[in-house]
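Geometric and topological summary
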Amino acid sequence: MTDRDIKVFDAIIVGAGFAGIYQLLKLRKLGLSAVILEKADQIGGTWHWNRYPGARCDIPSLEYSYQFDEDLQQEWNWSEKYSAQPEILEYINHVADRFELRDGINFEEEVTKATFNESDSKWVIETSKDKYETRFCIFATGCLSVPNKPDFNGLDNFDGELLQTSTWPKEEQNFSGKKVAIIGTGSSAIQSIPLIAEQAEELYVFQRTPNYSIPSNNGPMDKGVEKEVKARYSEFRKENYQNGFGIAAMSDEALVLESDPEEVKANFEENWKNAGLGFFGGYADIPLDENANAVAANFVRNKIREIVKDPETAALLTPDYHIGGKRLCVDSGYFETFNRDNVQLIDLKENPISEITQSSILSDKTYEIDTLILATGFDAMTGALTNVDISGRESIKLKDQWEDGAKSYLGLGISNFPNLFTVTGPGSPSVLSNMMPSIEQHVNWITDCIEWMIQNEKTVIESSETAEDDWMMLVNEIADMTIFTDTKSWYNGSNIETKAKAFLPFIGVPVYTEMLEEIVKDDYKGFIFDKVN
Ligand code: N01
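Throughout what follows, the structure given in this document is the object of discussion. (Residues numbered from 1 in each chain as written. Predicted model: local features only at pLDDT ≥ 70, side-chain atom pairs only at ≥ 80, totals over all residues. Heavy atoms only, no water.)

1. Some thoughts on the sheet that holds strand S9 (residues 202-207)
The five strands are arranged S7-S16-S8-S9-S12 in an open sheet whose pairing can be described as parallel. Only two strands of the sheet have a single neighbouring strand rather than two, namely strand S7 (161-164) and strand S12 (343-347). When the angles between neighbouring strand axes are averaged without regard to direction, this sheet yields 20°. Strand direction decides the pairing type here: strand S8 (residues 179-183) and S9, joined by five bridges, are parallel. Each residue of the ladder has a partner; that of Ala181, found in S9, is Tyr204. (Pairing = 2+ DSSP bridges. Helix = DSSP H or I, 4+ residues; strand = E, 2+ residues; numbered from the N terminus. Axes fitted to C-alpha atoms, helices over the stretch in contact; angles between N-to-C directions.)

2. Comments concerning a positive patch on the surface
Residues Arg208, Lys349, Lys488 and Lys501 make up a contiguous surface patch of positive charge. Assignment of secondary structure puts Lys488 in the loop between helix H15 (465-481) and helix H16 (509-521). (Patch = residues over 30% accessible without salt bridge, like charges linked within 9 Å, V, L, I, M, F, W, Y side chains within 5 Å. Areas by Shrake-Rupley, 256 points an atom, 1.4 Å probe, with all protein chains shown as cover. Salt bridge = Lys/Arg side-chain N within 4 Å of Asp/Glu carboxyl O. Lys, Arg positive; Asp, Glu negative; His and termini not counted. Charge placed at Lys NZ, Arg CZ, Asp CG, Glu CD.)

3. Description of the pairing of strand S4 (residues 111-117)
Bridge analysis of S4 against strand S5 (residues 122-127) gives six bridges, and the strand direction is antiparallel. Paired with Lys113 across the strands is Glu126, a residue of S5. The loop that links S4 with its antiparallel partner S5 comprises four residues; one of these, Ser121, has a positive phi angle of about 55°. Bridge count for S4 against strand S17 (residues 389-391) is three bridges, and the pairing is parallel. By the bridge assignment, Thr115 is partnered in S17 with Ser391.

4. Considering unusual backbone geometry
You will see that Glu100, though not glycine, has its phi angle at about 50°, which is positive. Looking at where Glu100 falls in the secondary structure, it is placed in the loop between helix H4 (85-98) and strand S3 (105-106). What makes Glu100 exposed here is its relative accessible area of 62%. The residue Ser430 is not glycine, and still its phi comes out positive at about 30°. Considering the arrangement of structural elements, one finds Ser430 in the loop between strand S18 (420-422) and helix H14 (435-455). (Buried < 20%, exposed > 50% of the residue type's maximum accessible area, 1.4 Å probe, protein only.)

5. A closer look at the site of the ligand
In the region of the ligand, 26 residues are neighbours, and Thr185, Ser188, Arg208, Thr209 and Lys326 sit closest. One of the side-chain nitrogen or oxygen atoms of Gln191 is found 3.0 Å away from an oxygen atom of the ligand. Between the ligand and Ala375, the relevant distance is 3.2 Å, taken from an oxygen atom to a main-chain nitrogen or oxygen of the residue. About the coverage of the ligand: the protein hides 87% of its 910 Å² of free accessible area. Among the elements that make up the shell around the ligand, the one with the highest residue count is helix H5 (residues 187-199) (three residues). Taken together, the residues of the shell around the ligand sort by class into 11 nonpolar, 10 polar and five charged. (Near = heavy atom within 4 Å. Polar contact = N/O pair within 3.5 Å; in protein donor to acceptor, adjacent residues only side chain to side chain. Nonpolar A, V, L, I, M, F, W, Y, C, P; charged D, E, K, R; others polar.)

6. A short note on the packing of aromatic side chains
Counted according to the given criterion, the structure contains 40 aromatic pairs. Here the aromatic rings of Tyr212 and Tyr321 are separated by 5.4 Å at their centres, their planes lie at 85°, and the arrangement is edge-to-face. A residue pair is termed long-range when its members are at least 10 positions apart, and Tyr212 in the loop between S9 and strand S10 (213-215) and Tyr321 in the loop between helix H10 (311-317) and strand S11 (329-331) qualify at 109 residues. One exposure class covers both Tyr212 and Tyr321, and it is buried. Ring geometry for Trp471 and Phe506: centres 5.1 Å apart, planes at 10°, overall stacked. Residue Trp471 is found in helix H15, and its partner Phe506 is found in the loop between H15 and H16; the two are separated by 35 residues along the sequence. An aromatic cluster of at least three residues, connected via ring pairs, comprises Phe18, Tyr22, Trp47, Tyr64, Tyr66, Phe68, Trp76, Trp78, Tyr91 and Phe99. (Phe/Tyr/Trp six-rings, centres within 6.5 Å; stacked < 30°, edge-to-face > 60°.)

Shown next, in the form of structure tokens:
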């Protein structure tokens, strides 16, 4: 390829999920030339890849949707309280068509390399097909987009059907008459297991760590609720974003330890029926205090024992760590599924997988199987960035800079990587918030920042190392106030052995929002413009 073939844009956006699509719209409105480079053959991001049975949103769809356009939010109707993956995919496609964005997306172009050229302050982006040059580079690659595929002994020898929840095929899968194994019991497994169990002849669930899960009690959209919300949609959105996690069901005003225990129990009972992810939303001390946390945890543990008939299976399914330490799951009949005769739970703590053969898994005994499903999670928060060969100033590689742990200022900018923005990057509320408003918050911020740079004739922006260090210290100080940091989870990188361990999401949407606004008012304090080396 000669330099003449290089395609030039003002901005390159990586990823055509909810973040990338909205970013393209905003940059176009600003009058910039921009393109999205997308690895998949269609839009949707996480909702394109995770099409396993039962995949659905764990935040009510009236909240898990865009708010930037009043007509859009008024006209779109969700069929269920928590929408399933096909409907969410339909929605993002609708948005792309409605705002005529499709022609700004290059599909099946995986970004492999991004190099900052200090002589002209431009990024050179290389993909599986092409080469691009751009001033601004925006990674809208999501927090849970790089699958974790553990290196099980003998996995490559498996001759049956191998599936992974995070890269599920488009063709419908039929498990009738099949012996199926699933490894992992996080949200993806918890959503898919009840549906796979209905079809499979046998389902073997290989569990390393049990999870807390709350029933979704999903159902058709309550038209009364929808009408009420739509009558005051923008206020509703604003109010929700003032809660700690940015979700309606999670306003935390009371304390478990200062409330009447009977009243707490009654509230948990109510939340068990209605709140889903907001199960302990009403109480502020559950993330902070061992004793308060134990009250909520014991409530769920008792529910598991009530639902699961076999006491041994119930005991294995009962978590012993702080509730909330791992991301809470929301299910439709998960624990009930273990009462079926065709479902077996295998405890990997007691009997790790020693080998996978052509047709079986070896653990406490040999399980002959036709299909193996990996529901083993993601290289969360950082994987989508460190998987690309990104070089910044002085050819510093992002992967090397983050070897001892990811550092970012506000989850938006990274020192030594000028004009590179991340949407919902590490150090922002991201996965500990409703992703949709958090995506919009970041995309709006990035667009405003670019506009400000143009108006103020600034060429290059980057975070200062000091601002970044101070920010990550704050992220960790806040996390350390909770009792969640000692649990092994993808929040702190401990699901991947080789990964640096650090708690990456910023806890507290309202504080974050306030700080973000203050920094802008203070002429982007902590950022450096047109740095001179
Ligand atoms: O992944 P996970 P997920 N040997 O990391 C196990 C979002 N999401 O895809 O806990 C054996 O939670 C691992 O065991 P352990 C949501 O934010 C949202 O399920 O590490 N087992 C765990 O059980 C969620 O939190 C929705 O001991 C191994 C499982 O695999 C996030 O995505 C739906 C193993 C991985 O669970 C991730 O969920 C789905 C090994 N070597 C997902 N390695 C919505 O509702 C891993 N495991 C929107």
